[in-house]
Each structure stands twice: as C-alpha cells, then as structure tokens.
Amino acid sequence: MDPRYGPRDHHSESELIRSAPFFQGIPDAAVQQATAQVVTRRHPANQVLLLENDWGSSVYFILDGWVKIRTYNLDGKEVTLNILGKGEVFGEMAPLDEVPRSTDVITLVPTMIGNMPANDFVHLIHTEPIAGIRLAQLMARRLRQVNRRLRLRESDSMSRVADIILFLADGQGQEGDNGVEIPNLPHRELSSLSGLARETVTRVLSKLEKKTLIVRERDIMRIPDIDALERLLV
C-alpha cells in the first residue's frame, strides 16, 4: 500500500461505485454483478490515465477528483474537450465500438478511479434496458454541451468564458452555502476549453469577479447567482 494515500476501505469504495448516477434505477443484483470485478486506484495529479489510440479494456468511474479529456488539433496544439468529476464515467465508447480510444484522459487533482472490465460493462448494457437508457442520456447531455459551446464560438470573450463556467457548473457543480461551487481550474485549462488566449481568460475572470458574478478561492470557484451569469449569454 502506498502510504501517501492511507488505508483503503474496500466497502466504502464499493458503495461509491454503486452510488454513481449511471447505476440509478438498475436492479441491485445487476449492479452488484457488474461491479464485482471493479478495481479502485488512487492517482496523483497530472497523471495520464488513458492515451489516444489505446484499446479499451476497461470503463472508468470517477469516485473522487477531476480529470480532463484532451486531444490535439491539426497544428499539434492541446485542446481540452471536457472536465469530468465525481460520479462521471469515461472510456465507455471504445469497448462498445471495438475501436481504439479517441482522446487522452489526465487527472487534474489527486483522483480515485474505479476500473470496470469492458466485458462487464458491455454485458450490463446488453442485458439491462435502463443501463442503455443511462448511456443514451449521457451521450445526449455531452452532445448538448458541445453544441452549446459551438454556437458560442463567435460570441464575445465575456460570453465564452461565462459559458465555460456554466458548462462546468452544469456537469460538475456542487451546491454550497453561498452558491454553486466548481473546481478553480488553471487559466490554461479554461483557455483550452474556451478557445481564447490565456491572457484574455485572465482578464475576463477579473471582470467577472469585480461584478461579483464569481468568487475565486484557492481550490474552488463559487457562482453566487447562476441566473445572473446566464444573463450574460443573452
């Protein structure tokens, strides 16, 4: 056992996996069977979990922490496609399509991942209709998010940064005492997500903070009023 991460509670880890939103509504017996061979691992920040063109032998559930999904454009520039947090699933398409991975996945912070054998995931999809519905809902939500970001590509920088913050809040936001909380990502990640220069992102964040539309702390960014931030996109 790596002493950096302390003792492992396998019962708690199993409960975390089974409480993932993907499994909601699926019969308990089917969930227990599907997750019986799941292996949990803790990873440090900035560790590559998956590489583009790898073959998919597992599907991954985030039990704690954050990861980014990245690829590269034709000029070789890194492009962040998404940020995923606790309860999310990734790596689900390669086993279904029987094709190599299409993106890289890297941890942003210390992260705990549950690795489910791909065959168990595919079996669950084939035998439990609700699992298929959950997968379809996941794909639909991600497609809506991508379409929204594409529509805003021609908008001003304020709207684009606000949209990325709202995008993260929609996918990963946690209700706090004083608003919705999301991870306070490095400006380079927000730059990659929005397609704006890092300097522009920094400038816009300062403006949003002065307008009290966001509050930045060391590890989190708080959005006191989601509706007020949404109005910037109108």
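Under the annotation held in an unreviewed UniProt entry, the chain carries the name cAMP-binding domain protein and is attributed to Halomicronema hongdechloris C2206.

Trainee: Mind showing me how you'd approach the sheet that holds strand β3 (residues 58–64) here?
Mentor: What holds strands together in a sheet is hydrogen bonding between their backbones, with the strands either parallel or antiparallel. The strand order across the open sheet built from four strands is β1-β8-β3-β6, with neighbouring strands paired in antiparallel fashion. Only two strands of the sheet have a single partner each, and these edge strands are β1 (39–43) and β6 (89–90). Sheet topology note: the β3/strand β8 (residues 111–117) ladder contains six bridges and is antiparallel. Bridge pairing in β8 places F61 opposite G114. The sheet contacts of helix α4 (residues 118–127) involve β3 and β8, and relative to β8 the element is tilted by about 70°.

Trainee: Got a minute to help me understand the UniProt feature "domain: Cyclic nucleotide-binding" (unreviewed entry) in the chain in this structure?
Mentor: Under the UniProt annotation, the feature "domain: Cyclic nucleotide-binding" (unreviewed entry) is placed at residues 22–142. Taken end to end, residues 22–142 is 31% helix and 36% strand, and its two terminal C-alpha atoms sit 14 Å from one another.

Trainee: Please clarify how the pattern of salt bridges should be interpreted in this entry.
Mentor: Here the idea is simple: oppositely charged side chains can pair when their charged atoms come close. Under the defined criterion, the tally for this structure stands at ten salt bridges. Between E78 and K68 there is a salt bridge; the shortest N-O distance is 2.6 Å. Here E78, found in strand β5 (residues 78–85), pairs with K68, found in strand β4 (residues 66–72); they are ten residues apart in sequence, far enough to count as distant. K68 sits in the buried class, given a relative accessible area of 7%. Of the charged contacts in the structure, one is a salt bridge between R70 and E78, with a shortest N-O distance of 3.4 Å. Here the salt bridges do not stand alone but share partners, grouping K68, R70, E78, D104, R188 and E189 into one network.

Trainee: Honestly, the domain arrangement of the chain in this entry has me stumped. Any pointers?
Mentor: Many analyses report the size of an interface as the accessible area lost when the parts associate. In terms of domain boundaries, the chain breaks down into domain 1 (10–150) and domain 2 (155–231). Its C-alpha centre places domain 1 at a distance of 24 Å from the equivalent point of domain 2. Each side of the interface is counted separately: domain 1 has 17 residues, and domain 2 has 14 residues. Surface buried jointly by domain 1 and domain 2 totals about 1,400 Å² across both partners, of which 49% is contributed by carbon and sulfur atoms. Where domain 1 packs against domain 2, one counts one salt bridge. The salt bridge involving E189 is made with K68; its shortest N-O contact spans 3.0 Å.

Trainee: Please explain the packing of helix α6 (residues 157–172) against helix α7 (residues 187–194) as it appears in this structure.
Mentor: In helix packing, the relevant descriptors are the interaxial angle and the interaxial distance, both defined with respect to the helix axes. Following both chains from N to C, one finds α6 and α7 inclined at 105°, their axes separated by 10 Å at the closest point. Comparing the axis directions of α6 and α7 gives the class roughly perpendicular. Contacts between α6 and α7 involve R160, I164, F167 and L168 from the first element and L190, L193 and S194 from the second. Considering only residue class, the contact of α6 with α7 consists of five nonpolar, one polar and one charged.

Trainee: It is not clear to me how the side chain of S192 should be interpreted in this structure. Could you clarify?
Mentor: Turning to its location among the elements, S192 is positioned in helix α7. Overall, S192 belongs to the buried group, its relative accessible area being 14%. The contacts of S192, once residues within four sequence positions are left out, are E78, V79 and T80.

Trainee: Could you clarify how one ought to interpret the UniProt feature "domain: HTH crp-type" (unreviewed entry) in the chain in this entry?
Mentor: The UniProt entry lists residues 155–227 under the feature "domain: HTH crp-type" (unreviewed entry), expressed in the numbering used here. Here residues 155–227 runs as 53% helix and 19% strand, with 19 Å between its end C-alpha atoms.

Trainee: I tried to follow the environment of D120 on my own but got confused; where do I start?
Mentor: With respect to the secondary-structure elements, D120 resides in helix α4. In this structure, the C-alpha to C-alpha distance between D120 and T35, residues 85 residues apart in sequence, is 7.8 Å. Residues within four places of D120 in sequence aside, it is in contact with A34 and Q37.

Trainee: Explain the packing of aromatic side chains here, please?
Mentor: Each aromatic ring pair is specified by the distance between its two centres and by the angle formed by the two planes. Applying the stated criterion across every chain, the model contains five aromatic pairs. An angle of 90° between the planes, with centres 5.6 Å apart, marks the rings of F22 and F23 as edge-to-face. Of the residues examined, F22 reaches a relative accessible area of 6% and is grouped as buried. Aromatic rings pair up to connect F22, F23, F61 and F121 into one cluster.

Reading the values: rules and limits
- Residues numbered from 1 in each chain as written.
- Predicted model: local features only at pLDDT ≥ 70, side-chain atom pairs only at ≥ 80, totals over all residues.
- Heavy atoms only, no water.
- Pairing = 2+ DSSP bridges.
- Helix = DSSP H or I, 4+ residues; strand = E, 2+ residues; numbered from the N terminus.
- Contact = heavy atoms within 4.5 Å.
- Axes fitted to C-alpha atoms, helices over the stretch in contact; angles between N-to-C directions.
- UniProt positions renumbered as here; feature names shortened; annotations may be inferred.
- Salt bridge = Lys/Arg side-chain N within 4 Å of Asp/Glu carboxyl O.
- Buried < 20%, exposed > 50% of the residue type's maximum accessible area, 1.4 Å probe, protein only.
- Domains from an automatic or database assignment.
- Buried area = accessible area lost by both parts, 1.4 Å probe.
- Parallel < 35°, antiparallel > 145°, perpendicular 65-115°, else oblique.
- Nonpolar A, V, L, I, M, F, W, Y, C, P; charged D, E, K, R; others polar.
- Phe/Tyr/Trp six-rings, centres within 6.5 Å; stacked < 30°, edge-to-face > 60°.

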